[in-house]
Amino acid sequence: MKKKTSIKSQLTWLLIYCWIVPVLAISAVCVMYIQTAVKDRAEGNIRSGATYAAQMSSQKLESAIQQMRDVIYEGAVAKHYKEQQDQNALTAAVRGELLRKFGLQKEYLFAGIFFSADPGRMIYESPYGGAYLDAYLKDAHAQVVSALGEEDNTTHLLVSGRSLYLYQNLLDNRDLSRYGVIVIQLDPAAVFDAFTSLDPAADYVLLSLDGQPYWLGSEPTEGPLRQFEFPTARQEMKVGALRGYITGTAVQKEQNYDFGYRVYVSDRIVSERAYMVLVLALVLACVVLPLLGVGFYRIYKNIAGPIDALVVATEKIENEQWDATIPFTSDNEFGRLIRSFNSMSARIKYLFDYAYKEELAASESRLMMLQSQMNPQFMKNTLGLINWKARLAGNEEISKMIEALDNLLDASLDRSQQRSIPLRQELCYTRSYLFIIGERFGRRLTLEEHIDESLLSCPVPRLIIQPLIENAVVHGIEPVSAGTIEICIGKMEGKLAIEIINDGNILSDEDLRRIRAILSEDYGALTDKQRRLGLKNVYERIRLMYGDAGSLTLQRTADGRTCTRIQIPFAPPEAQPPAKDGRLPGAREGEANDR
């Protein structure tokens, strides 16, 4: 015997499988996603921050090089060197030039010039006194003197210990002969300060200046972190990982020098932020789980309890206790269901006590009548149910088609018995039809609308445009499997004019003759089946409503398209019930779901 499953157990498993498990799964996926996002964001910040820092540092280096060259090319130093015979006057003039160019800028520790005639004597200017000059003369001066040739006019970078120098020959502008050398010591903390403000902060920064390594700030103690050689070719920012650090490496080829940089950012940043995300997830779980418990209790109280009461009452009726009822206080769906059950129970008791046979016969008669009357209203209600099911299933395409069909069925029911409706409502029915047709043809069918919006409230006969559109689709578009339908509505000759134009199957002369015969007064010679053509129906309704003032014509345009035109007397807008918007769900105005 198959074991029965209670509602309580089913609700419990439903809660576990459809609520708790998805919540936990989604939470786990979110945590993993956020961890990955934190890592990706950190790498992105390193990439963008280091690139920006390199750009700022390159600009400062280029500015220093340009200022040094300005000293050379302006010729003031050369002029003083040639004209000043007194050494003290020459020293004062040169220091004045150096102070003017470099004295007020924090990037420079000292700037000096020595002349070829006396390379051991340095004329310098520094806001910090002679300390930096002494270090230069001790550690770098000999290397600078030996590195420069007589005709060398390029700017050189020199890394000496923790010091960074720029130097270049002083050349006479007339004969390009060397008469001295200019040397600038840069402050790395000021030139490369952008690297110290990265987010996340870099633990170590290794620079390569013309192939010379320079550690900005502290240096790592681990060998693998120190042992790195920059590529000789240009390299875009490349992010990697090494021994607990996220690294970002790039090499730039500047006009006067090569500039490489490598930043080391501890991956503890990612771990700390991921840990914060995990803590937040646990906090959310502590909040959500009690809410789940409360939700389960509410579900049980409002669903399982009433269902158990219904089961007990149903068993009583099975045992012929016809007066079984259920007490209820709520007004939700189960309350209404219990009320209906109590009403049914009372009705059953009445039937058995008083008029069982008579009422049974009447019920059978009514049932047969209802089964034989599948009227449009029942169809409309059924479409509403199907639409509801489609929306629950998430099938928006089917839902939209059902809404369009429901709109057309609304037009056919004509509950208000109005002969005329506003033009915008007629266009609503037309677009509903076009939406369904558009689902069939897809992108092969294109709709174009040219409508004077000031006429949207004008009254027109009900369902006067849709038959013309259907005629254009069946006889114009369908034979060639694709085409464009154009709807033009405006004023013409003091009347409201509606034109339906299609570029599908080209009408022959025989087709025109036959259609004009259909639209003639003596069309009675044709068969009944032919008489029920949509064009004839529209023509007859126009004649009945407007007489000779209304017309329906069909013609072939000069470019081979088929144009069906309705002209009816233009009347001011009448008081009509509010119409629908005229747009299909998900469709823009002027479209028939172009596919």
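In this report, we go over the structure that sits alongside the text. Remember, predicted model here, so these are calculated numbers, not experimental data.

What counts, and at which threshold
- Along each chain, numbering runs from 1 in the same order as the chain's sequence is written.
- In keeping with the predicted nature of the model, local features appear solely for residues at pLDDT of at least 70, side-chain atom pairs appear and are counted solely at 80 or more, and the whole-chain, interface and lining totals rest on all residues.
- Each side-chain value is worked out from all heavy atoms of the structure, with water and hydrogens disregarded.
- Whether two aromatic rings pair depends on their centres lying within 6.5 Å, for rings of Phe, Tyr and Trp, where Trp uses its six-membered ring; planes under 30 degrees apart make the pair stacked, over 60 edge-to-face, and the rest tilted.
- Numbering of helices and strands starts at the N terminus; helices are DSSP runs of H or I of at least 4 residues and strands are runs of E of at least 2.
- Type-normalised accessible area, obtained with a 1.4 Å probe on protein chains alone, sets the label of each residue: buried when under 20%, exposed when over 50%, and partly exposed for intermediate values.
- For a lysine, the NZ atom is tested; for an arginine, the CZ atom; a charge sits over a ring if that atom is within 6 Å of the ring centre and within 35 degrees of the ring normal.
- One bridge is not enough; two strands pair if DSSP finds at least two bridges between them.
- Inter-axis angles, ranging from 0 to 180 degrees, are taken between N-to-C directions of lines fitted to C-alpha atoms, where helices are fitted over the stretch in contact.
- Should any heavy atoms of two residues lie within 4.5 Å, those residues are counted as being in contact.
- Under this rule, positive means Lys or Arg and negative means Asp or Glu; His and the chain ends count for nothing.
- The salt bridge definition used is simple: a Lys or Arg side-chain nitrogen within 4 Å of an Asp or Glu carboxyl oxygen.
- Identification of polar contacts relies on pairs of N or O atoms within 3.5 Å, with a donor-acceptor requirement for protein atoms, meaning one able to donate a hydrogen and the other able to accept it, and with residues adjacent in sequence counted only if both atoms are side-chain atoms.
- Definition of nonpolar core: a set of buried residues of the types Ala, Val, Leu, Ile, Met, Phe, Trp, Tyr and Cys, connected through side-chain atoms within 4.5 Å.
- What sets the label is the angle itself: under 35 degrees gives roughly parallel, over 145 gives roughly antiparallel, 65 to 115 gives roughly perpendicular, and the rest give oblique.

Once that is clear, we can look at the packing of aromatic side chains. Scanning all chains against the criterion turns up 15 aromatic pairs. Measuring from centroid to centroid gives 5.9 Å for Tyr204 and Tyr245, while their planes differ by 55°, and the two rings are tilted. Linking Tyr204 in strand β6 (residues 204-209) with Tyr245 in strand β9 (residues 245-253), this pair joins segments that are 41 residues apart in sequence. Here the two residues Tyr204 and Tyr245 agree in accessibility, since each one is buried. Ring centres of Phe259 and Tyr261 lie 5.8 Å apart, and the angle between their planes is 45°; this geometry places the pair in the tilted category. Within the aromatic cluster, the residues linked to one another by ring pairs are Phe192, Phe195, Phe259 and Tyr261. One cation-aromatic arrangement involves Arg262 over Phe228; the distance from NZ or CZ to the ring centre is 4.0 Å.

Overall, mixed pairing links the five strands, which are arranged β12-β14-β15-β17-β16 in an open sheet. Edge strands, defined here as strands with exactly one partner in the open sheet, are β12 (445-451) and β16 (551-556). Pairwise comparison of adjacent strand axes, ignoring direction, gives a mean angle of 15° for this sheet. Along the sheet face, helix α12 (residues 423-441) touches β12 and β14 (483-492) and points at about 165° away from the line of β12.

Quick look at the side chain of Glu426 now. Along the chain, Glu426 falls in helix α12. Comment: no salt bridge for buried Glu426; closest opposite-charge side chain is Arg541, at 6.5 Å. Among the polar contacts listed, one links the side chain of Glu426 to the backbone nitrogen of Leu463, at a separation of 2.8 Å. Among residues more than four places away in sequence, those in contact with Glu426 are Ile421, Val460, Pro461, Arg462, Leu463, Ile464, Ile465 and Gln466.

So, about the nonpolar core. Within the largest apolar cluster, 52 residues are counted, with the highest numbers of intra-cluster contacts made by Ile182, Leu186, Phe192, Phe195, Phe259 and Tyr261. The greatest single-element share of this core, amounting to twelve residues, is contributed by helix α1 (residues 7-74). Residues within four places of Tyr261 in sequence aside, it is in contact with Ala50, Thr51, Ala54, Phe195, Leu206, Leu207, Phe230, Met237, Gly248, Thr249, Ala250 and Gln252. Counting residues in hydrophobic clusters, the runner-up holds 38 residues, among them Ile464, Ile465, Ile469 and Val473.

A few words now on the pattern of salt bridges. A full pass over the atoms with the stated rule returns 19 salt bridges. Each of Asp70, Glu74, Glu97, Arg100 and Lys101 takes part in a single network of salt bridges with overlapping partners.

A few words on the sheet that holds strand β3 (residues 156-160). Taken in spatial order, the five strands of this open sheet run β2-β1-β5-β4-β3, and their pairing is antiparallel. On the outer flanks of this sheet lie β2 (122-125) and β3, each paired with one strand and no other. Ignoring strand direction, the axes of neighbouring strands in this sheet form an average angle of 25°. The pairing of strand β1 (residues 108-115) with strand β5 (residues 178-186) spans seven bridges and is antiparallel. In the strand pairing of β5, Ala111 is matched with Ile184. Packing of helix α3 (residues 87-102) onto the sheet brings it into contact with β1, β2 and β5, and relative to β2 it is tilted by some 40°. Strand contacts of helix α4 (residues 131-139): β1, β2, β3, β4 (163-171) and β5, with the helix running at about 55° to β1, the strand carrying the most contacts.

This part covers the packing of helix α2 (residues 76-83) against α3. At a minimum axis separation of 10 Å, α2 and α3 run at an interaxial angle of 175°. Considered as vectors, α2 and α3 are oriented roughly antiparallel to each other. Contacts between α2 and α3 pair Ala76, Val77, His80 and Tyr81 from the former with Leu90, Ala93 and Glu97 from the latter.

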